[in-house]
Amino acid sequence: MKYGFIGCGNMGSALAKALSKQTTDILLSSKSGTSAAALSESLGCNWTDSNFRVAGECDVILLAVKPQVMEAVLGPLVEVLNERRPILISMAAGISLSKIGYIVGAEIPVIRIMPNTPVAIGKGLITYCCNKFVDASRVAAILKDFSGAGTFDRVDESKMDAATAAAGCSPAYTFMFIEAIADGAVACGLPREQALLYAATAVAGAAELMLQTGKHPGELK
């Protein structure tokens, strides 16, 4: 399968890097051609300044754009998408599978995902759901290709907003927690560099302890 990315922001770039561990049959496109060009050079793949080319060539298209511009991005591509019916993968928070289907106006296979920032180091948790036009075997192939991003977990679309809060947003709160621990340690006289190292290492170790033992956090607490 040939993969295309429309949008090369932080999350799109992180997923493209993870994908490049399995394949370089990737075509990147972004509003800023320079960002797509720089990323493609580092990954050894191709880039374009035309979303039409991505829509016309790729079998799987990742929509790595802001929710508020999704309709504007997809609108001009409707004709070619209807013709080819590639798999669309949206990472736009709050935009439902049916909404994307409504925009493109066809029985196009759509996967909705919500990655979190640790995908940048291959430790992400990516929740996903699919519409009825997505073939299970192709989903399995896509997940295998993106295995370098982290762990994928399928949820019912009705649970996607909750999953976004629990997995997508929680790293930000974790960073706040680590920062607060470090601030307290610094106030007690520990150098900032050591304080951050101790706090981050403790949080990472505690999380791994829970995952490996399978124990409830209440018990470990």
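For the structure, check the block above.
Attention in this report is confined to the structure presented alongside it. Note that this is a predicted model, so its numbers are computed, not measured.

If you check the backbone angles, arginine 85 has positive phi at about 55° while not being a glycine. Mapped onto the elements of the fold, arginine 85 is located in the loop between helix H5 (78-84) and strand S5 (87-90). By relative accessible area, arginine 85 is classed as partly exposed at 40%.

Looking now at the sheet that holds S5. In spatial order, the strands read S3-S2-S1-S4-S5-S6-S7-S8; together these eight strands make up an open sheet with mixed pairing. The sheet terminates laterally at strand S3 (46-48) and strand S8 (150-154), the two strands that pair on one side only. Going across the sheet, the axis of each strand differs from the next one's by a mean of 25°, ignoring polarity. The pairing of strand S6 (residues 110-114) with strand S7 (residues 124-130) spans four bridges and is classified as antiparallel. Looking at S7, one finds that arginine 112 is bridged to cysteine 129. Packing of helix H6 (residues 97-104) onto the sheet brings it into contact with S5, S6 and S7, and relative to S6 it is tilted by some 135°. The sheet contacts of helix H8 (residues 160-187) involve S6 and S7, and relative to S6 the element is tilted by about 35°.

Turning to a nonpolar patch on the surface, a few remarks are in order. The grouping of Leu209, Met210, Leu211 and Leu220 at the surface amounts to a nonpolar patch, some 360 Å² of accessible area in total. The biggest single contributor to the nonpolar patch is helix H9 (residues 192-213), with three residues. Along the polypeptide, leucine 220 turns up in helix H10 (residues 217-220). Residue classification places leucine 220 among the partly exposed residues on the basis of a relative accessible area of 34%.

Before going further, it helps to examine the packing of aromatic side chains. Per the counting criterion, the structure on display carries two aromatic pairs. Both rings, one in tyrosine 3 and one in phenylalanine 146, keep their centres 5.6 Å apart while their planes meet at 90°; by these two values the pair is edge-to-face. Taken together, the positions of tyrosine 3 in strand S1 (residues 3-6) and phenylalanine 146 in the loop between helix H7 (136-145) and S8 put the pair 143 residues apart, joining distant regions of the chain. In this structure tyrosine 3 comes out as buried when scored by relative accessible area, which is 0%. The exposure class assigned to phenylalanine 146 is buried, which follows from its relative accessible area of 3%. On the numbers, 6.4 Å between centres and 65° between planes, the contact of tyrosine 128 with phenylalanine 152 is edge-to-face. Residue tyrosine 128 is found in strand S7, and its partner phenylalanine 152 is found in strand S8; the two are separated by 24 residues along the sequence. The exposure classification of tyrosine 128 matches that of phenylalanine 152, with both residues buried.

Thresholds, definitions, all that
Residues numbered from 1 in each chain as written. Predicted model: local features only at pLDDT ≥ 70, side-chain atom pairs only at ≥ 80, totals over all residues. Heavy atoms only, no water. Helix = DSSP H or I, 4+ residues; strand = E, 2+ residues; numbered from the N terminus. Buried < 20%, exposed > 50% of the residue type's maximum accessible area, 1.4 Å probe, protein only. Pairing = 2+ DSSP bridges. Axes fitted to C-alpha atoms, helices over the stretch in contact; angles between N-to-C directions. Contact = heavy atoms within 4.5 Å. Patch = residues over 30% accessible without salt bridge, like charges linked within 9 Å, V, L, I, M, F, W, Y side chains within 5 Å. Areas by Shrake-Rupley, 256 points an atom, 1.4 Å probe, with all protein chains shown as cover. Salt bridge = Lys/Arg side-chain N within 4 Å of Asp/Glu carboxyl O. Phe/Tyr/Trp six-rings, centres within 6.5 Å; stacked < 30°, edge-to-face > 60°.

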